[in-house]
Amino acid sequence: MRVVIVGGGFAGYHAAKALLKTAGGQGVEVVVVNPTDYFLYLPLLPEVSSGILDPRAITVSIPDTLPGVRLALGKATAVDLDGHTVSYTDPEDREHRLSYDRLILAAGSVNKLLPIPGVAEYAHGFRGVPEALYLRDHVTRQIELAAAAEDPAERDARCTFVVVGAGYTGTEVAAQGPDFTAALAARRPGLEGQRIRWLLLDIADKVLPELNPKLGRTADQVLRARGVEVLMGTSVGHAGPDGVQLTNGETVATRTLVWCVGVRPDPFVSQLGLDTAKGRIVVTAQLNVPGREDVFACGDAAAVPDLTQPGTYTAMTAQHAERQGRLAGRNVAASLGHGRARTYRHHDLGFVVDLGAGRAAANPLHIPLSGRVAKIVTRGYHLFAMPGNRLRTATGWALATVSRRPTVQLGLVRGAAVPLDTDSPELPSLGR
């Protein structure tokens, strides 16, 4: 029996892990089709972009941590549901086809796009390691170019950074940014006294609108105390190479536009011919695709009924993806005669938001926390949730407290390699 899992993110990785635990070694082969050989611990990506963590700390090897899983390195391109096969293209552009007895679709999500003029051309997302490395290099480069600029207007524009989206990712990117640029500017005499601006925009009326209002207020206060200009009820109306025009009428000269407005299901989902809701594959509460007893879906790619809020679907969060992945793995094992199937019902256990520089906002078990206590809880949660690299990550945090963060830009990832409109944010677009 072969189970093929499309995607190695939170849902796919934990589906494979649950399958190994439940049915591994009992005649069940588990194959993960994924563009990279690692699971990306996405919540810590802002710390990579700000130079606190090395990207290897948050990229967990699939072969090392899931012994017994066969990794099919490549991008899934098609599924023949009647022929029970998955087609994929490997990194050398060779076509492959895998047969399956059970299929788990966990393709994940990509950057959400909005029809705003210039955004697709001049904004960059934040969903993968290439984008984080690009942002780190880009911010460093802008500070270096600003230090060498003779025109005050150019210097101001290069020292202005605009982040759109005040959800988890955007808030963490904006919170980490000021300390990073301050460290960069402090080593460049040409920027002494130079104002460095970070702006956080969102059409919502408050920061972290999906969280407890107290946590949102805490994050807002921390951001403003760091000098971040928090503009709620505001977004980008037009973007260009030299700046953005905001919906409030203001024009901001900048060379940096970070797009964190949310995610959408991987476009791969729309090619499968399955019923969808809001672009996500319709599944039962047991994560099975109706009419396809051998196909399951989970994570951001699946419209999973939220039994705690009837009539709605679960949110596209890592917390849901991880738990749905585990259940999908167990239910697939049950369909093969190992255990029994269960339904997905998960109550929100709270969230953590790292605000950098010793601050965080968290509500574990819905107990609002802030300050250093929240920081300890947040980092403890991340270490517990990571399936590997805990020592490497903790060491990176320790080094960041006793040494200066790296402030060089390697130029390995340029803007053309990380377009906003991409169905593979985990890979640089080398053909562009």
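Everything below is about the structure shown above.
Residues numbered from 1 in each chain as written. Predicted model: local features only at pLDDT ≥ 70, side-chain atom pairs only at ≥ 80, totals over all residues. Heavy atoms only, no water.

### With respect to the sheet that holds strand S16 (residues 251-253)
Think of a sheet as strands paired side by side through backbone hydrogen bonds, with each pair either parallel or antiparallel.
Argument step 1. Read across the sheet, three strands follow the order S14-S15-S16 without closing on themselves; strand pairing throughout is antiparallel. Bordering the open sheet on either side are strand S14 (236-240) and S16, each of which pairs with just one other strand. Across the sheet, the mean angle from the axis of one strand to that of its neighbour is 15 degrees, orientation sign disregarded.
Argument step 2. As defined by bridge partners, strand S15 (residues 243-246) adjoins S16 across three bridges and the pair is classed as antiparallel. Bridge pairing in S16 places Val-244 opposite Val-252. (Pairing = 2+ DSSP bridges. Helix = DSSP H or I, 4+ residues; strand = E, 2+ residues; numbered from the N terminus. Axes fitted to C-alpha atoms, helices over the stretch in contact; angles between N-to-C directions.)

### A closer look at the packing of aromatic side chains
Argument step 1. Under the definition given, this model contains five aromatic pairs.
Argument step 2. Judged by centre distance (4.8 Å) and plane angle (20 degrees), the ring pair of Phe-161 and Trp-198 falls under stacked. Taken together, the residues Phe-161 in strand S11 (residues 160-164) and Trp-198 in strand S12 (residues 197-202) connect sequence positions 37 residues apart.
Argument step 3. Judged by its relative accessible area of 0%, Phe-161 is buried. (Phe/Tyr/Trp six-rings, centres within 6.5 Å; stacked < 30°, edge-to-face > 60°. Buried < 20%, exposed > 50% of the residue type's maximum accessible area, 1.4 Å probe, protein only.)

### Comments concerning the pattern of salt bridges
Argument step 1. Under the criterion given, the structure shown has 17 salt bridges.
Argument step 2. Here Arg-158 and Glu-154 are joined by a salt bridge, their closest N and O atoms 2.9 Å apart. With Arg-158 and Glu-154 both in helix H6 (residues 152-158) and four residues apart, the pair spans about one turn of that helix.
Argument step 3. Glu-154 gets classed as partly exposed once you look at its relative accessible area, which sits at 26%.
Argument step 4. Here Glu-229 ties to Arg-197 by a salt bridge, and the two come within 2.7 Å at their closest N and O atoms. In this pair, Glu-229 sits in strand S13 (residues 229-232) while Arg-197 sits in strand S12, placing the two residues 32 residues apart along the sequence. (Salt bridge = Lys/Arg side-chain N within 4 Å of Asp/Glu carboxyl O.)

The values reported here are purely geometric and, on their own, carry no functional implication.
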